[in-house]
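In case you want the letters, here they are:
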Amino acid sequence: MEKADLKVVATIQEAIQIGLKNLPSLIGVALLYVLTIWIPYINVGTTIAMQSIPGKLASGKVISPLFIFDEKYRRDFSAFFLVVAFIHLAVIAGFFFMIIPAIVIDIAMSLAIYILVDFDKSPTDAMKLSNQATYGYKWTIFGISLVMSVIVVILFFISALLGHIADFIETILDIAIIVCIIPFFLGADAVIYRELYLKRFAKETLEEEEEVVVVEE
C-alpha cells in the first residue's frame with residue numbers, strides 16, 4: 001500500500017482554500033437543508049448528504065448546493081444509521097478505558113460514512129476500510145484537528161479583545177468566524193479522506209467490484 005502524503009500544515013492550507021472556494025455553495029446547502037428539514041423522507045436523505053459533504057469536497061470541484069437532493073443519499077439510509085450507531089457505541093465504550101481509546105476509535109472510524117455513501121459498502125466494511133485507511137496516520141489527523149482548534153480559539157480570543165472597543169464588532173467577528181469555521185473543518189476532512197482513502201484504497205475497491213460483476217456474469 002502506497003504511503004499517504006498527509007501533512008499537518010499542508011492539509012490546513014488546502015482546507016482553507018477548499019473552504020473559501022466552496023463557501024457560497026456551503027451556505028446554499030445550509031439554507032436548502034433548513035428549508036426542507038420539515039419534509040418527511042426527503043429530510044433523511046438531506047441529513048445523510050450533510051454528513052457526507054467532505055466526500056463531495058474531496059473531488060476538488062466547487063459543489064452544487066442541490067447535491068443534497070441526490071437519490072443516492074436516500075437509497076439505503078438504514079446502513080447510514082447503523083454506521084452512526086456502531087461508531088457511537090464504540091466511542092462510548094472507549095470512554096470507559098480512560099478516554100484516549102475513545103479518541104483513537106473516533107479517528108479510526110472518521111472516514112466510514114464517506115466510504116459507505118460513495119462506494120455503497122456495508123456498515124462493517126465501511127468501518128473496516130476506514131480503520132485500515134487511517135492506520136499509521138492517527139497522530140497526524142489528531143495534530144491537524146488540534147492545530148485547527150487552536151486557530152479557532154485564537155480567532156475568538158481576538159474577537160473578544162476587539163469586543164471591548166464595541167460590542168457590535170465582536171458580534172460581527174463571531175458570526176464571520178462561525179461561518180468560516182465549518183467550511184474550514186469540512187475542507188480538512190475532505191483532504192484527509194482524499195489522501196488516506198481515495199488515493200490509496202478507492203482504486204482497489206473499484207477493481208474488486210468489477211471482478212465480482214465479471215464473475216456473476
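The paragraphs below set out a description of the structure included in this document. (Residues numbered from 1 in each chain as written. Predicted model: local features only at pLDDT ≥ 70, side-chain atom pairs only at ≥ 80, totals over all residues. Heavy atoms only, no water.)

Brief notes about the packing of aromatic side chains
Under the definition given, this model contains 10 aromatic pairs. Seen in terms of ring centroids, Y41 and F77 are 6.2 Å apart; in terms of plane orientation they differ by 70 degrees. Their pairing is edge-to-face. Here F77 lies in helix α6 (residues 77-95) and Y41 lies in the loop between α2 (23-36) and α3 (42-51), a separation of 36 residues in the sequence. When the ring of F67 is compared with that of Y73, the centres are 5.9 Å apart and the planes differ by 75 degrees; the resulting orientation is edge-to-face. Neither F67 nor Y73 differs from the other in exposure class; each is buried. (Phe/Tyr/Trp six-rings, centres within 6.5 Å; stacked < 30°, edge-to-face > 60°. Helix = DSSP H or I, 4+ residues; strand = E, 2+ residues; numbered from the N terminus. Buried < 20%, exposed > 50% of the residue type's maximum accessible area, 1.4 Å probe, protein only.)

Examining the layout of surface pockets
If you add up the space inside the largest pocket, you get close to 970 Å³. Looking at the largest pocket, it is lined by 37 residues, and the ones nearest its centre are Q51, P54, Y114, L186 and D189. Those elements giving two or more residues to the lining of the largest pocket turn out to be α2, α3, α4 (53-57), α6, α7 (100-108), α8 (112-119), α10 (138-162) and α11 (167-198). With 9 residues, α11 is the largest single contributor of residues to the lining of the largest pocket. Residue classes in the lining of the largest pocket are distributed as 31 nonpolar, 4 polar and 2 charged. (1 Å grid on protein atoms, 1.4 Å probe; cavity = no way out; pocket = protein on both sides within 12 Å on 5 of 7 lines; lining within 4 Å. Points joined across faces, edges and corners; volume = space filled by probe spheres on them. Nonpolar A, V, L, I, M, F, W, Y, C, P; charged D, E, K, R; others polar.)

Considering α6
Turn by turn, an α-helix covers 3.6 residues, leaving residues three or four places apart pointing in a common direction. Compared with the 27 Å implied by 1.5 Å per residue over 19 residues, the 28 Å span of α6 between its first and last C-alpha is a close match. Every buried residue of α6 is listed here: A79, F80, V83, I87, V91 and G94. Buried residues along α6 cover an arc of 105 degrees about the axis, so they all sit on one side. Those residues of α6 hidden inside the fold are in contact with α3, α7, α8 and α9 (123-134). (Expected span 1.5 Å × (residues − 1). Arc of directions from axis to C-beta. Contact = heavy atoms within 4.5 Å.)

With respect to the side chain of N22
Within the secondary structure, N22 sits in the loop between α1 (8-21) and α2. For N22, a relative accessible area of 0% translates into the label buried.

Quick look at the packing of α7 against α10
Relative to each other, α7 and α10 sit at 95 degrees, their axes nearing to 10 Å. Overall, the two elements α7 and α10 adopt an arrangement that is roughly perpendicular. Contacts between α7 and α10 involve I103, V104, I107 and A108 from the former and K138, I141 and F142 from the latter. Per-class residue counts for the contact of α7 with α10 are 6 nonpolar, no polar and 1 charged. (Axes fitted to C-alpha atoms, helices over the stretch in contact; angles between N-to-C directions. Parallel < 35°, antiparallel > 145°, perpendicular 65-115°, else oblique.)

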